[in-house]
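# Topology and contacts: notes
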Amino acid sequence: MNTTTLTAMEQGRARQPGVFWRSLGLEVRYEFLSLLRTLSFSLPTLLFPPMFYVLFAVLMPMGRSGSWQAGAYLLSSYTVFGIMGPALFGFGVNVAMDRETGWLRIKRVVPAPAVIYLLSKLAMAMLFATLIYVVMCLIAVTAAGVRMPAAGWLGLAVVAIFGVLPFCALGLWIGTLASGRSAPAIVNVIYLPMGFLAGLWFPLAMLPAFVQGIAPLWPAYHLGRIGLMAIGQAPADGLLGHVAVLAAVTAVFFVLAVRRLNRPL
């Protein structure tokens, strides 16, 4: 019995349902704890969206007009802005560093399905998105006086948790292209301008006409519109179009990234 046969047998055992889920659970746990303890990642990710929200929705309130409520509107937009962070940085920077340090080479030879590596990072992004959403909601209720039906809170939660998908795919693609040193800068160049140009920092109506015109070019705009629809701060017209754009972005960048990952390292 040679090494190839042993490796094949080990990989076969790793694909058994019980072993797969135990391996995935451990990978998710260590991925989440590692990033939570990395203060350069966790502090900006968890603190910046609430800080911006407190500044513009609590300390500098824009008020309300009819059904439009600044507190609810900004809760949705800054939540979307917040969940982009762990998705882009968690994939873009970490995958680039794993490539550079040779960790991906090790992952290819260990007796575990390769998909566990990606699923653990996806679960990490969703967990951070959930934490961001919970913190934002607590501030919105206690400090901004936001009140919504249960369906609004639930709908925005769904948007926050599953809205990480297109940005995870984009981050994964960046991680397959960039080096470990350049990845943080590249992600920042995409993350911060996209949030502003997509109308997540301020309502689009307050921004120049040029910015309003190019806003639909960014996936963050489409997720932002879905978030506003979920809480009744935007008409539901065009929902399927926004979902289709995000699904297309997810599929395209995921396919591009996987093709690069399948190349020899």
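Each value, and the rule that gives it
Residues numbered from 1 in each chain as written. Predicted model: local features only at pLDDT ≥ 70, side-chain atom pairs only at ≥ 80, totals over all residues. Heavy atoms only, no water. Helix = DSSP H or I, 4+ residues; strand = E, 2+ residues; numbered from the N terminus. Contact = heavy atoms within 4.5 Å. Areas by Shrake-Rupley, 256 points an atom, 1.4 Å probe, with all protein chains shown as cover. Axes fitted to C-alpha atoms, helices over the stretch in contact; angles between N-to-C directions. Parallel < 35°, antiparallel > 145°, perpendicular 65-115°, else oblique. Left-handed = near helix turned anticlockwise from the far one by under 90°. Nonpolar A, V, L, I, M, F, W, Y, C, P; charged D, E, K, R; others polar. Core = buried A, V, L, I, M, F, W, Y, C linked by side-chain atoms within 4.5 Å. Buried < 20%, exposed > 50% of the residue type's maximum accessible area, 1.4 Å probe, protein only. Phe/Tyr/Trp six-rings, centres within 6.5 Å; stacked < 30°, edge-to-face > 60°.

### Structural notes on the overall build of the protein
Counting its regular elements, the protein contains 12 helices and 2 strands. When the helices and strands of the protein are listed from N to C terminus, the series reads α-α-α-β-β-α-α-α-α-α-α-α-α-α. Restricting to contacts in the protein with at least 6 residues of sequence separation, those with at least 24 account for 75%. For the protein, the accessible area works out to roughly 13,200 Å², and carbon and sulfur atoms hold 71% of it.

### Section: the packing of helix H6 (residues 115–142) against helix H8 (residues 164–177)
Direction vectors running N to C along H6 and H8 enclose 130 degrees, while the axes themselves pass 11 Å from each other. Classified by the angle their axes make, H6 and H8 are oblique. Seen along the crossing, H6 lies across H8 with a hand that is right-handed. Contacts from Leu118, Leu122, Ala125, Met126 and Ala129 in H6 reach Val164, Leu165, Cys168 and Leu172 in H8. In terms of residue class, the contact of H6 with H8 is made up of 9 nonpolar, no polar and no charged.

### Observations regarding the packing of helix H4 (residues 70–101) against H8
For the pair H4 and H8, the least separation of the axes is 7 Å and the interaxial angle reads 25 degrees. By the criterion of interaxial angle, the relationship of H4 to H8 is roughly parallel. For the element pair H4 and H8, the recorded crossing hand is right-handed. Facing Ile83, Met84, Ala87, Leu88, Phe91, Gly92, Val95, Ala96 and Arg99 of H4, the residues of H8 in contact are Val164, Phe167, Cys168, Leu170, Gly171, Leu172, Gly175, Thr176 and Leu177. Broken down by class, the residue content of the contact of H4 with H8 amounts to 13 nonpolar, 4 polar and 1 charged.

### What about the nonpolar core?
Core analysis: the biggest nonpolar cluster contains 74 residues, and Tyr53, Leu75, Met84, Val164 and Phe167 have the highest contact counts within it. If you tally residues by element for this core, the top one is H4, at 16 residues. With residues up to four places along the chain from it excluded, the contact list for Phe167 reads Met84, Ala87, Leu88, Met194, Pro219, Ala220 and Leu223.

### A few points about the environment of Leu204
Relative to the elements of secondary structure, Leu204 occurs in the loop between helix H9 (183–197) and helix H10 (209–214). Sequence separation between Leu204 and Ala215 is 11 residues; the distance between their C-alpha atoms is 8.4 Å.

### Quick word on the packing of aromatic side chains
Counted under the stated rule, the structure contains 13 aromatic pairs. A ring pair is formed by Phe52 and Phe81, whose centres lie 6.2 Å apart and whose planes are at 65 degrees; its orientation type is edge-to-face. Linking Phe52 in helix H3 (residues 39–59) with Phe81 in helix H4, this pair joins segments that are 29 residues apart in sequence. Note on Phe81 and Trp201: the rings are 5.8 Å apart at their centroids and 85 degrees apart in plane angle, and the pair reads as edge-to-face. Remark: Trp201 occurs in the loop between H9 and H10 and Phe81 occurs in helix H4; sequence separation between them is 120 residues. The class of Phe81 is buried, set by a relative accessible area of 1%. A residue is classified by how much of its surface remains accessible, and Trp201, at 22% relative accessible area, is partly exposed.

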